[in-house]
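Here is what each chain is made of, one letter per residue.
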Amino acid sequence: MPSDLKRAYAGKRVVVTGGAGFIGSHLVDALFAAGCERVGVVDNFFLGNMENLRTAENYGDRLRVYREDAAEATAMASVVSAEKPDLVFNLATKALLYSFFNPAGACRVNLDIAITLAELLRAGAYGKLLHVSTSEVYGSAVHVPMDENHPQLAETSYAAGKSAADTLLASYVKMFDLDITTIRPFNNYGPRQNSGALAAIVPLTARRILSGQRPIVQGDGKQTRDFIFVEDTVQAILKLAVHEAAKGAILNVASGRETSMIEIIDILSSLLEFSGEYDWQPGRKADVRRHLASVEKAEALIGPIATTDMHSGIERTVRWYKDVGSLRF
Ligand SMILES: NC(=O)c1ccc[n+]([C@@H]2O[C@H](COP(=O)([O-])OP(=O)(O)OC[C@H]3O[C@@H](n4cnc5c(N)ncnc54)[C@H](O)[C@@H]3O)[C@@H](O)[C@H]2O)c1
C-alpha cells in the first residue's frame, strides 16, 4: 500500500454500501489495510455474503455490518448518524442479469440508492460520495476506445438505472457543488465473485467446469469486454476517492485491453484442464457487443491502473474457486 494512500486514509471513517459483495468486500479489506479507523458495511445480502468479510472481521468492532437497504432513506440516515463517515463508497446494486427477472426493480434500486445518498450528502450528513457506476451505461461501443463522453445507450434496465443515477449525481454536483466522484469500472473478475444465480462469465464458466459441466458460449462468443482484476479496480477507487482533481469527475476504470468471451472461456478451460466441446447457445438479448475503455482520464491522475496481467489474474481467480469458492457451488 503506497504511503501517500496510508496518509490519506489513516484514522478515516467510511461507509461502504454493497460491502459484503464481490468488489465491495475487497474494498473493505483495502480500506482497513490503508488504516481506516471504522468501516461500516451496508448490505441487504441480496447477493452479499458474510464469508466475503472474513478478513475484515479480524478488525473486530472497527467493522460494523448493517443489514439494511441502502435505498431506504431512514435506514441510511441512521447508519450515517451512527458512523459519522468522512466518505461513503456506493457499490450496492442488484446484478445485471436480475434485470431480466425484474426489470423495474433492477432499474429502480440503482436510482433510489443514488437519491438517498445524494440527499444525505446535501444535508451535510457526511463529507464525500464515491459512486461506483458501470461501463454498461455506454451500451455497445459506438467508437473505441470508449471514453467518458461515449453516448449512454443502456441496453438493460440495470444499465438504464445506473445511467439515471449518474445523471442525477452529476446534477447534484452542478446544483449544490457537492463532492461526488463517479467511477465507471468495466468488467471485473477475481476471487469472491458470485458464482451462483446471476453469475458473470468468469465465475459461471469456472463453476461449470469444476462441477463437471460444459462451459456455455452465448451467441458466437465474439462479444468483447474490457476485463480488469478486482484488486486493480479497488486500488484505483482508493486513489481516486482522495484525489482533489477527481472531485465532481466521472472516470473509467479498466485495463484498456479488449478480450472476447471465447478467449476468456478458452483461458479458463485450459487452466481447469477442460478439453471437451463447449455448449453453444443462442445469444442473450440486450447483450453488449463490444467494450474497450479509454482510461486516459483516470491514468492522468493516478498512473497505470491495470497492473495485474490477465493470465495471473485468472490464475489467482481459478485457484480461489478451486480452494474456497467451490465449497459454495
Ligand atoms: N462486477 C463487475 O464486473 C462490475 C463492473 C462494473 C461496475 N460494477 C459495479 O460495482 C458495484 C459492485 O458490484 P459487484 O460486482 O461487487 O456486485 P455484487 O452483487 O457482488 O455486490 C453488490 C452488493 O450490493 C448488495 N445490495 C443489493 N441491493 C442492495 C440494497 N438495496 N441495499 C444494500 N445492499 C444491496 C448485494 O447484496 C451485494 O452484496 C456495483 O455498483 C456494480 O454496478 C461491477
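Coordinates for the structure precede this section.
Quick summary incoming for the structure in this document. (Residues numbered from 1 in each chain as written. Predicted model: local features only at pLDDT ≥ 70, side-chain atom pairs only at ≥ 80, totals over all residues.)

1. Focus on the overall build of the protein
Then, in step 1: Within the protein one finds 10 helices and 13 strands.
Then, in step 2: In terms of overall size, the protein behaves like a compact globule, its C-alpha atoms giving a radius of gyration of 19 Å where 329 residues would be expected to give roughly 20 Å.
Then, in step 3: Taken over the C-alpha atoms alone, the protein extends approximately 55 × 45 × 40 Å along its principal axes.
Then, in step 4: Among the 329 residues that make up the protein, the fraction classed as buried is 49%.
Then, in step 5: In the protein, the proportion of contacts linking residues at least 24 apart, taken out of those at least 6 apart, comes to 81%. (Helix = DSSP H or I, 4+ residues; strand = E, 2+ residues; numbered from the N terminus. Rg over C-alpha atoms; globule rule 2.2 N^0.38 Å. Buried ≥ 20, exposed ≤ 12 C-beta atoms within 10 Å, placed from the backbone. Contact = placed C-beta atoms within 7 Å.)

2. Digging into the sheet that holds strand β11 (residues 250-253)
Then, in step 1: One open sheet holds the seven strands; their spatial order is β3-β2-β1-β4-β5-β6-β11, and the pairing between them is parallel. Of all strands in the sheet, those bounded by a partner on one side alone are β3 (63-66) and β11. Looking at each pair of strands side by side, their axes are set apart by 20° on average, direction ignored.
Then, in step 2: When strand β1 (residues 13-17) meets strand β2 (residues 38-42), the two strands line up parallel, connected through five bridges. Bridging across to β2, V14 finds its partner in V39. (Pairing = 2+ DSSP bridges. Axes fitted to C-alpha atoms, helices over the stretch in contact; angles between N-to-C directions.)

3. Observations regarding helix α4 (residues 103-122)
Then, in step 1: Along its 20 residues, α4 runs 29 Å from first to last C-alpha, staying within 8% of the 28 Å computed at 1.5 Å per residue.
Then, in step 2: Restricting attention to buried positions, one finds in α4 the residues A106, C107, V109, N110, I113, A114, T116, L117, A118 and L121.
Then, in step 3: A positive phi of about 80° marks G124, the residue just after α4. (Expected span 1.5 Å × (residues − 1).)

4. Concerning the pairing of strand β4 (residues 87-90)
Then, in step 1: Of the two faces of β4, the one carrying L87 and F89 and the one carrying V88 and N90 are both buried.
Then, in step 2: Both β1 and β4 contribute to a ladder of four bridges, which runs parallel. Bridging from a neighbouring strand, T17 pairs with N90 of β4.
Then, in step 3: Bridge count for β4 against strand β5 (residues 128-132) is four bridges, and the pairing is parallel. Note that in β5 the partner of N90 across the bridge is H131.
Then, in step 4: Note on the crossover from β4 through α4 to β5: the handedness is right-handed. (Right-handed = clockwise from strand over helix to strand, strands pointing away.)

5. Brief notes about the site of the ligand
Then, in step 1: Neighbouring the ligand are 30 residues, the closest being G18, G21, F22, G48 and T134.
Then, in step 2: Among the elements that take part in the shell around the ligand, helix α2 (residues 22-33) stands out by supplying three residues, more than any other.
Then, in step 3: Each residue belonging to the shell around the ligand can be placed in one class, and the counts come to 15 nonpolar, 12 polar and three charged. (Near = placed C-beta within 6 Å. Nonpolar A, V, L, I, M, F, W, Y, C, P; charged D, E, K, R; others polar.)

6. Here's the deal with the packing of helix α3 (residues 73-83) against α4
Then, in step 1: α4 packs onto α3 with a crossing angle of 45° between their chain directions and a minimal axis gap of 10 Å. As judged from the angle between their axes, α3 and α4 are oblique. As α3 runs across α4, the sense of the crossing is right-handed. Contact with α3, carried on its side by A73, M76, A77 and V80, involves T116, E119 and L120 of α4 and no other residues of that element. (Parallel < 35°, antiparallel > 145°, perpendicular 65-115°, else oblique. Left-handed = near helix turned anticlockwise from the far one by under 90°.)

7. So, the environment of R207
Then, in step 1: Residue placement: R207 occurs in helix α6 (residues 201-210).
Then, in step 2: Taking the number of C-beta atoms within 10 Å as the measure of exposure, R207 has 20 and is therefore buried.
Then, in step 3: Between the alpha carbons of R207 and V318 there is a distance of 9.6 Å; along the sequence they are 111 residues apart.

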